[in-house]
Amino acid sequence: MFSSNRAAMRRAFIDAWGKFRGNAPLEPLERLIAEVVRQHPEYHKLLEHPEQVLDKDYLPEAGETNPFLHLSMHLGVQEQVGTDRPPGIRAVYERLVTGAGDAHEAEHRMMECLGGVLWEAQRQNTAPDDQAYLECLRCLT
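Cut-offs used in this document
- Residues numbered from 1 in each chain as written.
- Predicted model: local features only at pLDDT ≥ 70, side-chain atom pairs only at ≥ 80, totals over all residues.
- Heavy atoms only, no water.
- Helix = DSSP H or I, 4+ residues; strand = E, 2+ residues; numbered from the N terminus.
- Rg over C-alpha atoms; globule rule 2.2 N^0.38 Å.
- Buried < 20%, exposed > 50% of the residue type's maximum accessible area, 1.4 Å probe, protein only.
- Areas by Shrake-Rupley, 256 points an atom, 1.4 Å probe, with all protein chains shown as cover.
- Disulfide = S-S within 2.5 Å.
- Core = buried A, V, L, I, M, F, W, Y, C linked by side-chain atoms within 4.5 Å.
- Contact = heavy atoms within 4.5 Å.
- Arc of directions from axis to C-beta.
- Axes fitted to C-alpha atoms, helices over the stretch in contact; angles between N-to-C directions.
- Parallel < 35°, antiparallel > 145°, perpendicular 65-115°, else oblique.
- Left-handed = near helix turned anticlockwise from the far one by under 90°.
- Phe/Tyr/Trp six-rings, centres within 6.5 Å; stacked < 30°, edge-to-face > 60°.
- Lys NZ or Arg CZ within 6 Å of the ring centre and 35° of its normal.

## Structural notes on the overall build of the protein
Scanning the protein for helices and strands turns up eight helices and zero strands. When the helices and strands of the protein are placed in sequence order, the string is α-α-α-α-α-α-α-α. Its C-alpha atoms give the protein a radius of gyration of 16 Å, within 12% of the compact-globule value 14 Å for 141 residues. By its C-alpha atoms, the protein is 40 × 30 × 25 Å across when sized along the principal axes. Relative to its 141 residues, the protein shows a buried fraction of 33%. Here the protein displays about 8400 Å² of accessible surface, and carbon together with sulfur accounts for 53% of that area.

This is the structure:
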């Protein structure tokens, strides 16, 4: 699924959602994608009309949220928690889930920190700072 081809990445979400809606068998990654999409009803219609979204640019300066970035960040946070990478993130996540009362809400909070760390790494042309990320997450608890 991981590719630098934007259309191919978006197609993975569209296809997984289509298979889920059609009760077709899903690969493990497709199951993860479909579950994240299921939790975002605001994106269902978008994914059901690929001709409208495959080549669309989502511009933050125009107040647009990129649904594919949002969904991908959920998957990224889930992967980090599942592998406890960076070390300690699982424990922070568990505290956030307890505090928020909901795993999905905890992921949304974590995504704010992840987005900030990724933006800073891109701006500085460096690797993301795991310690800054964990510190941001700990401040949420």
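## Here we look at the state of the cysteines
Summed over all chains, the structure comprises one disulfide. With no disulfide of its own, cysteine 139 has cysteine 136 as its nearest cysteine by sulfur position, at a separation of 6.6 Å. According to the relative accessible area criterion, cysteine 139 is exposed, its value standing at 59%.

## Thoughts on the nonpolar core
Judged by nonpolar contacts, the single largest core of 16 residues is most densely connected at Val77, Ile89, Met110, Tyr133 and Leu137. Setting aside anything within four residues of it in sequence, one finds leucine 137 in contact with Ile89, Val92, Met110 and Cys113. Phe13, Trp17, Val36 and Leu54 belong to the second largest nonpolar core, which has 15 residues in total.

## Describing helix H2 (residues 28-38)
In an α-helix there are 3.6 residues to a turn, and that puts residues three or four apart on one side. Among the residues making up H2, those that are buried are Glu30, Ile33, Ala34, Val36 and Val37. Seen from one end, H2 has its buried residues packed into an arc of 160 degrees, which puts them on one side. Next to the buried residues of H2 lie helix H1 (6-21), helix H3 (44-47) and helix H5 (67-83).

## Here's the deal with the packing of H2 against H5
Between H2 and H5, the shortest axis-to-axis distance is 10 Å and the interhelical angle comes to 120 degrees. It follows that H2 is oblique to H5 by the angle criterion. Relative to H5, H2 is oriented so that their crossing is right-handed. Here Leu32, Ile33, Val36 and Val37 of H2 come into contact with H5, specifically with Leu71, His74, Leu75 and Gln78.

## A few points about the packing of aromatic side chains
Working definition: an aromatic ring pair is given by the centre-to-centre distance plus the angle between the planes. Counted according to the given criterion, the structure contains two aromatic pairs. Their ring planes at 70 degrees and their centres at 6.1 Å tell us that phenylalanine 13 and phenylalanine 68 sit as a pair that is edge-to-face. Of this pair, phenylalanine 13 sits in helix H1 while phenylalanine 68 sits in helix H5, and the two are 55 residues apart along the sequence. Per residue, the accessibility class of phenylalanine 13 equals that of phenylalanine 68, and both read buried. Ring geometry for tryptophan 17 against phenylalanine 20: centres 5.2 Å apart, planes inclined by 20 degrees, an arrangement best described as stacked. In this pair, tryptophan 17 and phenylalanine 20 are both assigned in helix H1, three residues apart and thus about one turn of the helix distant. By relative accessible area, which is 32% here, phenylalanine 20 ends up partly exposed. Lying across the ring of tyrosine 58, lysine 56 places its NZ or CZ 4.9 Å from the centre.

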